[in-house]
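In case you want the letters, here they are:
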Amino acid sequence: MMGRKAPEHEAHRGGDGQAPEPEGDSGLSRRDFMRLGGSVAAATALASAGCQMPTEEVVPFNQRPEDGNQLGRPRFYATVVAGIPVLTRTRENRPILVTPNPKHPSPQSLTVGTQAALLDLYDPDRASGPLSVRRGEGAVVPTSWEAVGQTLFSHLKEAKGDAVLLTPPITGPATRQVIKELEQVAGIRHVSYASIDDDVSWSAWTTAFGHAPRPRPRLDRASFIVGFGAEFIDRPAEGLERDFAQRRAPDAAGGMGQFLQFEGRLTLTGANADRRVRVRDSQLAAVACAIAHEIVVVQRHGSLADDETMVQALKAFEPAAVTKTSGVSAELLQAVAGQLLAAKGNAVVLAGGSASQGATGLALELATIVINHSLGAYDSPLFDRWAAPAPVAASAAVLAKLAEQLQAGKVSTLIIAGTNPVYDAPPRAGFAAAMAKCPLVLSLNDRVDETSAGADWLAPTSHPLEAWGDAQLHGGMVAIQQPVIRPLHDTYGLLDVLVTWGAALGIGGEVAAAMAKSQTPTSPAQAAAPTSQSAAYHFLRGTWGDRYLQKKPGTPDFEDIWSEVLRKGHWHEPTPEGPERAWSPAAAAQLGAPQPSPALELQLYPHFALHDGSSANNGWLLEMPDPVTRITWDGAVSIAPRRFDELGLENGDLVELTVGSAKLDVPAYRHAGMHHDQLALALGQGRSRAGLVGNDIGVNAFALTQLEGGQVTRAGLEVTLRKTGRRAPLAIMQGSEVIDRDRRPLVPTTTLSQYRANPRAGTEQPPGGPSAWPEHAYPGNRWAMAIDLSKCNGCGKCTLACQGENNIPVVGPQGIRNGREMPWIRIDRYYDSPHKDGRWDAEVWDGPLAVVEEPVTLFEPMLCQHCENAPCETVCPFNATMHSEDGLNQQIYNRCVGTRYCANNCPFKVRRYNWFEYSYRQSSTLFRRLFPVIEDNANRNSRGKLALKNNPEVTVRSRGVMEKCTFCVQRIREARAEALREGRKGSIPDGAVMPACMEACPTGAIVFGDINDQSSQVAASAKSPRAMRLLELTGVKPAISYLTKVRNDNA
Amino acid sequence: MTTHSESLYATVMDDSQLTGGPVVREGAGPYGGDEEIAEPMVTGGKKYRDVDQDICAHTEQFPMRRWWIAFGFALTLLGVLGVSLISLFYVGEGIVGINSPVNWGTFIVNFVFWIGIGHAGTLISAVLFLFRQKWRTAINRSAEAMTLFAVACAGIFPIIHLGRPWFAYWLFPYPNDRGPLWINFNSALSWDIFAISTYGLVSLTFWYVGLLPDLATVRDRATHPWRKWIYNALSFGWTGSHRAWRHYESAYLILAAFATPLVFSVHTIVSFDFATSIMPGWHATIFPPYFVIGAIFSGFAMVITLMVIMRSVFNLKHYITLNHLEAMAKVILFTGMLVGFAYSTEFFMAWYSGSEYEGFIFKNRAFGPYGWSYFIMFTCNVIVPQIFWFKRFRRSIPVLFVAAILVNVGMWFERYVIVVTSLHRDFLPSSWGMYDMTFFDWSILAGSFGLFFTLFLLFVRFLPVIAMSEVKGVMDPKVARSTATPEEKAA
């Protein structure tokens, strides 16, 4: 039970442990005791009619149990957050880190939003109990669950008109079942709405193939990938980026893959492409169709070549015609088509990015389906049968319809759970005004957000880490969402609420059975309040028993399987056989014809970290730099460099965007690689009621989304741009954009052909001189790291994992602007610049046009290099930083007095200094008034329950102290202690120590281990001809080797 | 011979009669050649008695209005320093402009600036003493006081720049209960502690020993018993006996010999803070001499600034004559050229080293975003002193005053250039940044001037600003001993 072991051994759920319980003196087993204790507590609580009552499932420690469940040791729970399987690391029963579950078979990977969900749990701006909001008056009065429930029930009984439950798309089978029963029994209509949805690509699929299951592409099997605005690295939930990375190394099994991307905005996905062709969003469909034309009509390839309607439809997309509108040369289109045909069986094309949300989005998605279909990709191993769950139609068009019904007074009750349409619906939908017409609006969101502010009641639901629930996963799996902590506030999970209210509204079956098990209602008043977590718990057990396990709860068979589901975090759902895939000839009509584009078009894309803005009060996400622009906090409109220079703009100059009648003032940003005629702006910002941290950060780009003919458009929007002459400085976490690698060989990179000629290509650098220092002896372990830049896609999940693991504070936008950022590991993003002979390169701050118009993007994770001859160690007068005998450059916070000499002398600038007191709120009222920064920092880092997020293994640093990456020394020491305890004398197996960054890295780019152990992976990587240790010239001898980023230049 | 010099000393009544060169009398030499007579150090036909009266008077009468105004102003600035430091200590260093990558800014710039100012005093009193430069006598006392106060100003910066200044005492190596944990003797910052504290202590001792005979003079003139008692205690009961004088002279000589190497060691070691690092722009072997020369340069400029004011406010024009000021102007010219030479050598070395990073940092210094500061530095330190090739300007009080202030501005910017431009763009372009001084950067700089002027104004109020005993030693006894004043003689 020590260190990171397989979750199988570690994931228990709360009280109902399955390990044999030792018999105590009382003769009562622990399990019995807990059961008894739980029911007594529940009964007591019921008698006192309290809402927050002790439950029988989550029992706090009173005595240390004798099994492995010890304080001071991390425990891991496999659960799901937002439909993504995760492993939650807890300490002392507090969740402290959300990591990927390495043993989970689902292909899905974590998004940064999932990682940062931990901070949402402790968010002090969550409502701490039910509130009577009294819309319009602005008064918020605490109330009780009973009051909310009773109001709802009596209203449902009396009011005439529909009752509507508005939620985000719900995938969990049990949750869906209770909603279905609510629809049938209580007549509550369910409407799904997501501001950022996948509807277009699904409707393209169904247009082409009817309701056949949609297979998932396997990028690890593709040697040639063509993306049309694909964003599988920007939006990684499906896990495509993990597969993609497997073929990025030059010596990958099956050869290095090649990725060609057509796109208008430089996305993270495009930045990882081997070749990138700038095509504005509105022309992507035409370009894809032109390639399809080459394959189907010219080369007469695939079954569609005989489909006359398709041939006719594609004839409109002759390369010459497409060249005219899109600017992509016919030669290139023909070459790409030729390359696809040559790589048939190994080639796949992808779309699915923000560009698909434009007017031509359906055509774009269809064109990629046509190409894949013609290449026979769907019948090859390039697509596997593991289908993504079919989504519920959830686009804002649904919301517009609901708004109409609200306006017409047809809806008498509106229950909103987990969505925020007042903030994120297209303005045309007019939702806010429509909602005001509804007699009873009940919000189940977690705070008084924009939508809840217009509700009558707010009954806050729990965080996913606090409540039972379930979810459907990709790859034919379902999973239980198990709570890892008792609710911090007077809240209940959505499923609890639905089951309790459902039972009260007369649903029988499992719902009633679950309620019967969880409580004995003594009065209608109590029935109106969710009883506890047990309602959802028993409901889940019952439903799952029926549906999947085919066993009744309580039988030993059931309990074994149930425990296994909780431990492993998944259950294979027998995949229903869908209808056979058959091409529908009607699809061809949807392709349209090449259209000229507006003079200037706008793309609104989901924010990389904040996504749709639902977690916009999360300091980690707000401070997470966009991987490409490196902008934190406030958003900016991306403008192509040449246009930007022609307009005479500076980063941060406010420009006015006009789309239709909507206007927005946004800071401008010179975004390398943008198509000249395209702008881009991130969604998910500009929340007005997110909380103290996230309010009024950036602008709400949803205000520019268009709703026409039942379709929401976020790309290809006609836009005009005007300088305002005002400024709003941006918080950009990056110095120079550009690196001149001939002069500063700091990022090893080369091309595949050069690599084949010389495996050391790209690692050349000036040699260092002899060292005056005696060599260190590393008698035992010597910890080292290798980072494969070919695999690193720059997503920055390492940064976020590190922030959680190591208690790194959030410094705020002004902190970033002032250069007080704190991340221990950051991703440096450079645009590779060719050598400019005879010119001096101090002006490359923003990058010369030639470099940034068609940028070659390089990502380089930068963290403490744990140098052998660390320059920081010699200069600290207090001996606060020193070398350990296992190769760590240690920082001793207690000794640090803060001369910052070490940070100056660090050539990598990875040392971080506590410029302010971030860890607690300083008490002086006078200074808090004089220096608002004190208050801001406290709000972001230590307000309310925020301090509970801290990892107890890692010191919380005070003001005036230097800090930096420790290689997660706490995990190293834990592994060493375990080795000693087990009598292994410091022999730690390779892979037993994983720093948080490595653990979070979806692509396996980071390898950590003992370099003295010749069999370790890191020793092998460090010996690779691709390995380069930075700044040899200075003689610092880093412990981190970077492996060259190889770009596949094969034509 | 004596008659000529006697008459010369007696008749040079003010600056306008001084030429800056020897007085040449054709055919008056002992062998018939020209006779060259040095111009007098003290003009106005002053007597020994006058020296006591002129110099002690300021300590004996109620201060004049101008002193009070200046003192009030200095105290206000000192208050600004206090408020700034309280804010700094409570809120943290986030309130000033330093950041990553410019982790050192205002504090270290001011530290090196003040340490540099603190160089001229000891150089004037010790080095010039050993070289028997008699003109030093008029200025050595106040120059040394300036040194002490500048060192005091400099001394606060390494402490306030710490993140946790309340642990500053950990910098001293003494047996402790923290392990015991010793300081890191590899770090140039720990060398600084020794260098600065030694320099401060030796300078103080040297200055104080030099003060003893003059304190006794003040005591002897004192009428109030308390005043007499205090100055007697301060003068260690100086008797003025031959024995006392003999011991005094030996001690002074020995202390001068002690202080002389320190003049060079302090700034050498301060320069090691930069030179022993690996940062391009800092990592340079030229730094020790470059810093020492720069320090002398700035120190002399500060002495000129102060002396020009002092001689006019306290009417000391007969003691601090134009000849003195011209001599200092020559030092400025010489050290200014050396500093200019160092600047160009840096560029040469950056190119000659072949290191991309070194080459970049110097180009960036001159032409990058902080090029303006390099321009100010270069103009003030290299171009402005060139006017001192012209005697007319060396002897013009307004020109001297303005040029000296410009040199001080330039030298402040030299440290700014070294600290800020080297740090703001180093090895990894991703971590490049900028440094903007905030209100508190400026208030602490201004406040340090407040501290300096407060101390200096107290000094001129309570202690003799010119070394009377030494000035008497360079006066012509034949003139000075005469009891009759020139007016009486004429009458």
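Residues numbered from 1 in each chain as written. Chains lettered and ligands numbered in written order. Predicted model: local features only at pLDDT ≥ 70, side-chain atom pairs only at ≥ 80, totals over all residues. Heavy atoms only, no water.

Caption draft 1: Geometry of the overall build of chain B. Helix and strand content of chain B: 19 helices and two strands. Dimensions of chain B along its principal axes, counting C-alpha atoms only, are 80 × 55 × 40 Å. Contacts spanning at least 24 positions in sequence make up 79% of the contacts within chain B whose residues lie at least 6 apart. As presented, chain B carries roughly 19500 Å² of accessible surface, and 70% of it is formed by carbon and sulfur atoms. Each charge sign in chain B was given a centre, from 34 positive and 32 negative side chains, and these centres are 6 Å apart. (Helix = DSSP H or I, 4+ residues; strand = E, 2+ residues; numbered from the N terminus. Contact = heavy atoms within 4.5 Å. Areas by Shrake-Rupley, 256 points an atom, 1.4 Å probe, with all protein chains shown as cover. Lys, Arg positive; Asp, Glu negative; His and termini not counted. Charge placed at Lys NZ, Arg CZ, Asp CG, Glu CD.)

Caption draft 2: Region of the structure containing the interface of chain A and chain B. Listed as interface residues are 67 residues of chain A and, on the opposing side, 64 residues of chain B. On inspection of chain A and its partner chain B, the count reaches three salt bridges. The salt bridge partner of Glu356 of chain B is Arg743 of chain A, with a shortest N-O separation of 3.8 Å. Linking chain A with chain B are 43 residue pairs in polar contact (both at pLDDT 80 or more), by the criterion used here. Listed by contribution, the elements that provide at least two residues to the side of chain A that touches chain B are β31 (738–740), β34 (826–833), α28 (871–875), α29 (901–905), β38 (912–913) and α31 (932–941) of chain A. (Salt bridge = Lys/Arg side-chain N within 4 Å of Asp/Glu carboxyl O. Polar contact = N/O pair within 3.5 Å; in protein donor to acceptor, adjacent residues only side chain to side chain.)

Caption draft 3: Examining the pattern of salt bridges more closely. Residues and elements named next belong to chain A. Inspection of the entire model under this criterion finds 59 salt bridges over all chains. Across the pair Glu231 and Arg265 runs a salt bridge, and its minimum N-O distance is 3.2 Å. Placement of Glu231 in the loop between β9 (224–228) and α7 (240–246) and of Arg265 in the loop between β10 (258–263) and α8 (268–271) is noted, with a sequence separation of 34 residues between them. Taken as a pair, Glu231 and Arg265 share a single burial class, namely buried. For Arg1026, the salt bridge identified is with Asp788, shortest N-O distance 2.6 Å. (Buried < 20%, exposed > 50% of the residue type's maximum accessible area, 1.4 Å probe, protein only.)

Caption draft 4: Local environment of the state of the cysteines. Residues and elements named next belong to chain A. Counting across every chain of the model gives zero disulfides over all chains. Here Cys876 stays free of any disulfide, with the sulfur of Cys902 as its closest cysteine sulfur at 6.3 Å. Under the relative-accessibility criterion, Cys876 is labelled buried at 7%. (Disulfide = S-S within 2.5 Å.)

Caption draft 5: Summary view of the pairing of strand β2 (residues 84–91) of chain A. All names here are of chain A. Taking burial as the measure, the eight residues of β2 include eight buried ones, the bulk of the element. Burial of the side chains of β2 extends over both faces: Ile84, Val86, Thr88 and Thr90 are buried on one face and Pro85, Leu87, Arg89 and Arg91 on the other. Sheet topology places strand β1 (residues 75–81) next to β2; seven bridges connect them, and they run antiparallel. Among the inter-strand pairings, Arg75 is bridged to a residue of β2, identified as Thr90. Where β2 meets strand β3 (residues 94–99), five bridges bridge the pair, whose relative direction is antiparallel. Paired with Arg89 across the bridge in β3 is Leu97. (Pairing = 2+ DSSP bridges.)

Caption draft 6: How the structure looks around a nonpolar patch on the surface. Taken together, the side chains of Trp226, Trp229, Ile230 and Leu234 of chain B define a hydrophobic patch exposed on the protein surface, amounting to about 510 Å² of accessible area. For Leu234 of chain B, a relative accessible area of 31% translates into the label partly exposed. (Patch = residues over 30% accessible without salt bridge, like charges linked within 9 Å, V, L, I, M, F, W, Y side chains within 5 Å.)

Caption draft 7: Seen up close, the pairing of β3 of chain A. The buried count for β3 of chain A comes to six of six residues, which makes it a mostly enclosed element. Linking two consecutive strands that pair antiparallel, namely β2 of chain A and β3 of chain A, is a turn of two residues; a positive phi of about 50 degrees is found at Glu92 of chain A within it.

Caption draft 8: View of the packing of helix α6 (residues 199–209) of chain A against helix α13 (residues 361–374) of chain A. Residues and elements named next belong to chain A. Look at α6 against α13: their axes get within 9 Å of each other, and the N-to-C directions meet at 50 degrees. Here α13 runs oblique to α6, going by the angle between their axes. Seen along the crossing, α6 lies across α13 with a hand that is right-handed. Residues Val200, Ser201, Ser203, Ala204, Trp205, Thr207, Ala208 and Phe209 of α6 form the contact with α13, whose participating residues are Gly361, Leu362, Glu365, Leu366, Ile369 and His373. For the contact of α6 with α13, the class distribution of residues is eight nonpolar, five polar and one charged. (Axes fitted to C-alpha atoms, helices over the stretch in contact; angles between N-to-C directions. Parallel < 35°, antiparallel > 145°, perpendicular 65-115°, else oblique. Left-handed = near helix turned anticlockwise from the far one by under 90°. Nonpolar A, V, L, I, M, F, W, Y, C, P; charged D, E, K, R; others polar.)

Caption draft 9: Highlighting the environment of Leu322 of chain B. All names here are of chain B. You can see Leu322 is positioned in helix α11 (residues 322–353). Taking relative accessible area as the criterion, Leu322 reaches 11% and is therefore assigned buried. Linking Leu322 and Thr19, residues 303 residues apart in sequence, is a C-alpha distance of 8.8 Å.

Caption draft 10: The arrangement of the nonpolar core in detail. Counting 336 residues, the largest nonpolar core has Phe228, Phe262, Ile291 and Leu340 of chain A as its most contacted members. At 16 residues, the largest contribution of residues to this core is made by helix α10 (residues 287–313) of chain B. Those residues in contact with Leu340 of chain A, other than ones at most four positions away along the chain, are Phe224, Val226, Ile291, Ile295, Ala347, Val349, Ile371 and Leu375 of chain A. Core analysis: the next-biggest nonpolar cluster, separate from the first, contains 45 residues, Tyr492, Tyr537, Trp544 and Trp562 of chain A among them. (Core = buried A, V, L, I, M, F, W, Y, C linked by side-chain atoms within 4.5 Å.)

Caption draft 11: Expanded view of unusual backbone geometry. The residue after Ser100 of chain B, namely Pro101 of chain B, is reached through a cis peptide bond having omega 15 degrees. Mapped onto the elements, Pro101 of chain B comes out in the loop between α3 (65–91) and α4 (106–117). Backbone geometry places Arg630 of chain A, a non-glycine residue, at a positive phi of 65 degrees. Mapped onto the secondary structure, Arg630 of chain A falls in the loop between α22 (619–623) and β21 (631–632).

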